[in-house]
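Chain by chain, the residues run as shown.
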Amino acid sequence: MPESQSLAIMLFAILGFCIFLALGAFLGKKTDLGKLVTFAGVVALIAVVCFAIYAAYYFVTMVE
């Protein structure tokens, strides 16, 4: 299991990926602003929920 600092790095990596993916789609004129905000919000929400579940599992099962 990774350390708690690694968990934070994974969360920021996922959210950064979402931001740059959305920014690339917007600047590439592949989508409009409404769809972009909805997509980025849904992906970020899924990432945060998965991170919260994983972090809770990590801290509950942490062996000293």
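Residues numbered from 1 in each chain as written. Predicted model: local features only at pLDDT ≥ 70, side-chain atom pairs only at ≥ 80, totals over all residues. Heavy atoms only, no water.

Draft legend 1. Examining the overall build of the protein more closely. When helices and strands are counted, the protein shows 2 helices and 0 strands. The buried share among the 64 residues of the protein stands at 14%. Per element, the accessible surface of the protein, about 5000 Å² overall, is 76% carbon and sulfur. (Helix = DSSP H or I, 4+ residues; strand = E, 2+ residues; numbered from the N terminus. Buried < 20%, exposed > 50% of the residue type's maximum accessible area, 1.4 Å probe, protein only. Areas by Shrake-Rupley, 256 points an atom, 1.4 Å probe, with all protein chains shown as cover.)

Draft legend 2. Focus on the environment of Val-48. The residue Val-48 is located in helix H2 (residues 33-60) in this model. With 37 residues separating them in the primary sequence, Val-48 and Leu-11 have C-alpha atoms 7.3 Å apart. In contact with Val-48, not counting residues within four places along its chain, are Leu-11 and Leu-15. (Contact = heavy atoms within 4.5 Å.)

Draft legend 3. Layout of a nonpolar patch on the surface. Together, Phe-20, Leu-23, Phe-26, Leu-27, Leu-33 and Val-37 line one region of the surface with nonpolar side chains, adding up to about 630 Å² of accessible area. Mapped by element, the contributors of at least two residues to the nonpolar patch are helix H1 (4-27) and H2. The element best represented in the nonpolar patch is H1, accounting for 4 residues. With respect to the helices, strands and loops of the structure, Leu-27 is situated in helix H1. (Patch = residues over 30% accessible without salt bridge, like charges linked within 9 Å, V, L, I, M, F, W, Y side chains within 5 Å. Salt bridge = Lys/Arg side-chain N within 4 Å of Asp/Glu carboxyl O.)

Draft legend 4. Spatial organisation of H2. Taking 1.5 Å of rise per residue, 28 residues should cover 40 Å, and H2 covers 40 Å from first to last C-alpha, within 8% of that figure. For H2, the full list of buried residues reads Leu-36, Ala-47, Ala-55 and Tyr-58. (Expected span 1.5 Å × (residues − 1).)

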